[in-house]
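# Survey of secondary and tertiary structure
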Amino acid sequence: MRHYKHLTLFERENLLLLKAKGYSITAIAEKLGRNKGTISRELRRNASDGEYMPVTAQQQYQKRRVACRPRKRLDNANILEHVKHKLLECQWSPEEIAGRIKAEYGQCVISTTTIYRAIYTGMLNAPKGSTANIVRKLRHKGKRRRKRFAEEKRGKIQISHDITERPAGAENRSEIGHWEADTVVGKQGKACLVTLVDRKSRYLICGKADKKNAQAVSRTMIDLLLGVKALSVTPDRGKEFARHADVTEYLDGLPFYFPQPHQPWQRGSNENTNGLLREYFLKGKDITEIPDDYIQRKVAMMNLRPRKCLNYRTPYEVHFEEVLHLA
């Protein structure tokens, strides 16, 4: 805690008066109730050509005082525009922005707290007339979950393997090619997105199925997995995956491992990725009319989004072992 006070203009005028009367530095310090080092330093810093002027000394003090204060990071126009671009156009979270910059440059340029503070004070507001709302784009926690021990009333599908049988490379995320699968629904009864997320790299591949039924979903999965490294698939137990055996047969015995009912954390990478996709494909919006190139552009944005769990590298960089410059 600081216990000292800076010299005031009144004290500087008294200093000049006492000095003119021939008082020594020690005597002046005693008269002003200051340390003699303070008086000596004041005369050394603020005298000009051997003369000491209180008003000039006060002005010099105020100029140095302003210069010594830390600058706000977002006062830098380049940093401000970079943060706004990543928040509004790339949908990066404040933690992803700060973490990626630090990962690329090896130092903390801006903190997560600074970005959040700027958001809630309105410093990062979207341009006037824009419908973008930065606060609304932040991730929301505390989502309601199904009650524990509630009875399952939906139809059940035949499973091939339990998740406990999954190989070590999938379990410990040490090997590329172990995928988690799920669907993203827009409007009920219409087209849906089939999403596959690699457990190690969090790399996303995604395609549109005409309906959320077993036949359409299995056909889309085959199209997505052809030509990529696929060692296993972990979907949920939804009825849209009832024809997983067709995928296994078509893809040379690709195994499916099913988690326990109502335990989405067992395939949390896909759940988290689908939550990010919801920023582009809202519930209730018909996906049927959305062009495939638009879907793939959003998928590409997801794969170029840095992840904290990857030390702020992107899924693309981890999956293909490349280094990109994004910050």
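These remarks concern the structure in this document. (Residues numbered from 1 in each chain as written. Predicted model: local features only at pLDDT ≥ 70, side-chain atom pairs only at ≥ 80, totals over all residues. Heavy atoms only, no water.)

On the surface, Tyr116, Tyr120 and Val135 cluster together into a nonpolar patch covering about 290 Å² of accessible area. With respect to the helices, strands and loops of the structure, Val135 is situated in helix α8 (residues 134–137). On the accessibility criterion, Val135 (35% relative accessible area) is partly exposed. (Patch = residues over 30% accessible without salt bridge, like charges linked within 9 Å, V, L, I, M, F, W, Y side chains within 5 Å. Areas by Shrake-Rupley, 256 points an atom, 1.4 Å probe, with all protein chains shown as cover. Salt bridge = Lys/Arg side-chain N within 4 Å of Asp/Glu carboxyl O. Helix = DSSP H or I, 4+ residues; strand = E, 2+ residues; numbered from the N terminus. Buried < 20%, exposed > 50% of the residue type's maximum accessible area, 1.4 Å probe, protein only.)

As a further point, take empty space enclosed by the protein. Overall, the coordinates contain 1 cavity of 30 Å³ or more when judged by the stated rule. If you add up the space inside the largest cavity, you get close to 40 Å³. What lines the largest cavity is simply Ala214, Val217, Ser218, Met221, Glu240, Phe241, Ala242, Arg243, His244, Val247 and Phe256. Among the secondary structure elements, those contributing two or more residues to the lining of the largest cavity are α10 (214–225) and α11 (244–250). No other element matches α10, which puts 4 residues into the lining of the largest cavity. Its residues placed into classes, the lining of the largest cavity shows 7 nonpolar, 2 polar and 2 charged. (1 Å grid on protein atoms, 1.4 Å probe; cavity = no way out; pocket = protein on both sides within 12 Å on 5 of 7 lines; lining within 4 Å. Points joined across faces, edges and corners; volume = space filled by probe spheres on them. Nonpolar A, V, L, I, M, F, W, Y, C, P; charged D, E, K, R; others polar.)

This next bit is on the pairing of strand β5 (residues 192–198). Here β5 lies mainly inside the structure; 7 of its 7 residues are buried. Bridge analysis of strand β4 (residues 178–185) against β5 gives 7 bridges, and the strand direction is antiparallel. What sits directly across from Trp179, in β5, is Asp198. Following β4, the chain reverses through 6 residues before pairing antiparallel with β5; Gly189 in that reversal takes a positive phi of roughly 85°. (Pairing = 2+ DSSP bridges.)

So, about helix α7 (residues 112–120). The complete set of buried residues in α7 reads Ile115, Ala118 and Ile119. Relative to the axis of α7, the buried residues are bounded by an arc of 105° and lie together on one face. Looking one or two residues beyond α7, the residue adopting positive phi is Gly122, at roughly 85°. (Arc of directions from axis to C-beta.)

Looking now at the sheet that holds strand β7 (residues 232–234). Taken together, the 4 strands give an open sheet; going across it, the order is β6-β5-β4-β7, and neighbouring strands pair in mixed fashion. The open sheet has two free edges, formed respectively by β6 (204–209) and β7, since each of these has just one partner strand. Geometrically, the sheet is characterised by an average inter-axis angle of 25° between neighbouring strands, direction not taken into account. Sheet topology note: the β5/β6 ladder contains 6 bridges and is antiparallel. Opposite Cys192, over in β6, you have Ala209 as the bridge partner. Relative to β6, α10 is tilted by about 140°, and along the sheet it contacts β4, β5, β6 and β7. (Axes fitted to C-alpha atoms, helices over the stretch in contact; angles between N-to-C directions. Contact = heavy atoms within 4.5 Å.)

Quick look at the layout of surface pockets now. A water-sized probe rolled over the atoms picks out the places where empty space is left. If you add up the space inside the second largest pocket, you get close to 360 Å³. Around the second largest pocket sit 15 residues that line it, and His6, Arg41, Glu42, Arg45 and Tyr61 are the ones nearest its centre. Breaking the lining of the second largest pocket down by element, the ones donating at least two residues are α3 (36–46) and α4 (54–68). By residue number, the principal contributor to the lining of the second largest pocket is α3, which donates 5 residues. For the lining of the second largest pocket, the per-class residue count stands at 4 nonpolar, 3 polar and 8 charged.

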